[in-house]
Amino acid sequence: DFPTAVQDVQRVQRKSERGKDEIANLKQDVRMLSATLNTRKVEASDATVAHYFRAVALAMINSVHDHNGEAMDESGARTARADLDKIIGAGKVLTYVPEVSRTNAEYWAGSVARNQLHDEAAAYSYWEKCAADGHAGCINIVASARVTGNGRQRVDVNEALTLHQTVYNTGIKFQCAGAFSAMDI
């Protein structure tokens, strides 16, 4: 059912390493979330949650394939990005699942755009927006780009240090972002 699919995607998302053994479950979750979205009477908050977790599941499936040297599903990546764009386009997102937010959707959309659809310009566009709204993962990515110039970003080492310091100061509040910024500093 719908809640079980959401919980399963969350479970897999929390894992530090994801293997091929997760793909079958994630594909089942995608089918369940898609069925929810195809229901005419789906409530707006349920639809938002379903779009978000279907996108995350599709992105993780592709990530496992990529990690194992297998071809990624470009159609799945496009569906994930479209799901995330629906959340981003909705503006303020209010659901009963705290992690479903516009900034988290922008973070995931950037990852899908760069790593699965090979569209760096779009990826950094997403990340710049969520960095501006205080998403630590996005700030970390933007800060690193200020040093390397990746994604045709402007190089500004002083700004990079300031951004990394901001993320570092979050500690573990945003999982590994603070640690990554500490290493980059």
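Since the model is a prediction, treat every value here as computed from it, not as a measurement.

Considerations on helix α5 (residues 102-115)
Line of reasoning, step 1. Here α5 is 14 residues long and its end C-alpha atoms lie 20 Å apart, about the 20 Å a rise of 1.5 Å per residue gives.
Line of reasoning, step 2. Buried residues dominate α5, accounting for ten of its 14 residues.
Line of reasoning, step 3. All of the buried residues along α5 are Thr103, Asn104, Ala105, Glu106, Trp108, Ala109, Gly110, Ser111, Val112 and Ala113.
Line of reasoning, step 4. The inward-facing, buried residues of α5 contact α1 (2-14), α3 (44-67), α4 (74-89) and α6 (120-132).

Observations concerning the packing of aromatic side chains
Aromatic rings in a pair are described by how distant their centres are and how their planes are angled relative to each other.
Line of reasoning, step 1. Overall, the coordinates contain two aromatic pairs when judged by the stated rule.
Line of reasoning, step 2. Relative to Phe53, the ring of Tyr52 lies with its centre 5.0 Å away and its plane at 85°, an arrangement referred to as edge-to-face. The two residues Tyr52 and Phe53 agree in class, both being buried.
Line of reasoning, step 3. When the ring of Tyr124 is compared with that of Trp127, the centres are 5.1 Å apart and the planes differ by 85°; the resulting orientation is edge-to-face. Of the two residues, Tyr124 and Trp127 are both situated in helix α6; the distance of three residues between them amounts to about one turn of the helix.
Line of reasoning, step 4. Residue Tyr124 is classed as buried on the basis of its relative accessible area, which comes to 3%.
Line of reasoning, step 5. Trp127 gets classed as buried once you look at its relative accessible area, which sits at 0%.

A look at the pattern of salt bridges
Line of reasoning, step 1. Under the criterion given, the structure shown has 13 salt bridges.
Line of reasoning, step 2. Salt-bridge contacts for Glu22 lead to Lys15; the nearest nitrogen and oxygen are separated by 2.6 Å.
Line of reasoning, step 3. Looking at Lys15, the relative accessible area reads 30%, which means it is partly exposed.
Line of reasoning, step 4. Between Glu159 and Arg146 there is a salt bridge whose closest N-O contact spans 3.1 Å. Here Arg146 lies in helix α7 (residues 136-148) and Glu159 lies in helix α8 (residues 157-168), a separation of 13 residues in the sequence.

Brief notes about the environment of Lys173
Line of reasoning, step 1. Inspection of the secondary structure puts Lys173 in the loop between α8 and α9 (177-184).
Line of reasoning, step 2. Sequence separation between Lys173 and Ser75 is 98 residues, and the spatial gap between their C-alpha atoms is 34 Å.

Some thoughts on the nonpolar core
Line of reasoning, step 1. Core analysis: the biggest nonpolar cluster contains 54 residues, and Val9, Leu33, Tyr52, Phe53 and Trp127 have the highest contact counts within it.
Line of reasoning, step 2. Only α1, α2 (23-37), α3, α4, α5, α6, α7 and α8 provide two or more residues apiece to this core.
Line of reasoning, step 3. Take this core: its biggest share by element is 13 residues, from α3.
Line of reasoning, step 4. The contact partners of Phe53, leaving out residues within four places of it in the chain, are Val6, Val9, Gln10, Gln13, Leu33, Val97, Glu99 and Val100.

Digging into the layout of surface pockets
Line of reasoning, step 1. Size it by volume and the largest pocket reaches roughly 1600 Å³.
Line of reasoning, step 2. Looking at the lining of the largest pocket, the elements with two or more residues in it are α1, α3, α5, α7 and α9.
Line of reasoning, step 3. Looking at the lining of the largest pocket, the element that brings in the most residues is α5, giving eight residues.

Here we look at the state of the cysteines
Line of reasoning, step 1. Under the defined criterion, the tally for this structure stands at one disulfide.
Line of reasoning, step 2. There is a disulfide in this structure between Cys130 and Cys138, and the S-S distance comes to 1.8 Å. Between Cys130 and Cys138 the disulfide shows an S-S torsion of about -80°. By sign, it is left-handed. Side by side, Cys130 and Cys138 carry an identical accessibility label, which is buried.

Cut-off values and rules
Residues numbered from 1 in each chain as written. Predicted model: local features only at pLDDT ≥ 70, side-chain atom pairs only at ≥ 80, totals over all residues. Heavy atoms only, no water. Helix = DSSP H or I, 4+ residues; strand = E, 2+ residues; numbered from the N terminus. Expected span 1.5 Å × (residues − 1). Buried < 20%, exposed > 50% of the residue type's maximum accessible area, 1.4 Å probe, protein only. Contact = heavy atoms within 4.5 Å. Phe/Tyr/Trp six-rings, centres within 6.5 Å; stacked < 30°, edge-to-face > 60°. Salt bridge = Lys/Arg side-chain N within 4 Å of Asp/Glu carboxyl O. Core = buried A, V, L, I, M, F, W, Y, C linked by side-chain atoms within 4.5 Å. 1 Å grid on protein atoms, 1.4 Å probe; cavity = no way out; pocket = protein on both sides within 12 Å on 5 of 7 lines; lining within 4 Å. Points joined across faces, edges and corners; volume = space filled by probe spheres on them. Disulfide = S-S within 2.5 Å.

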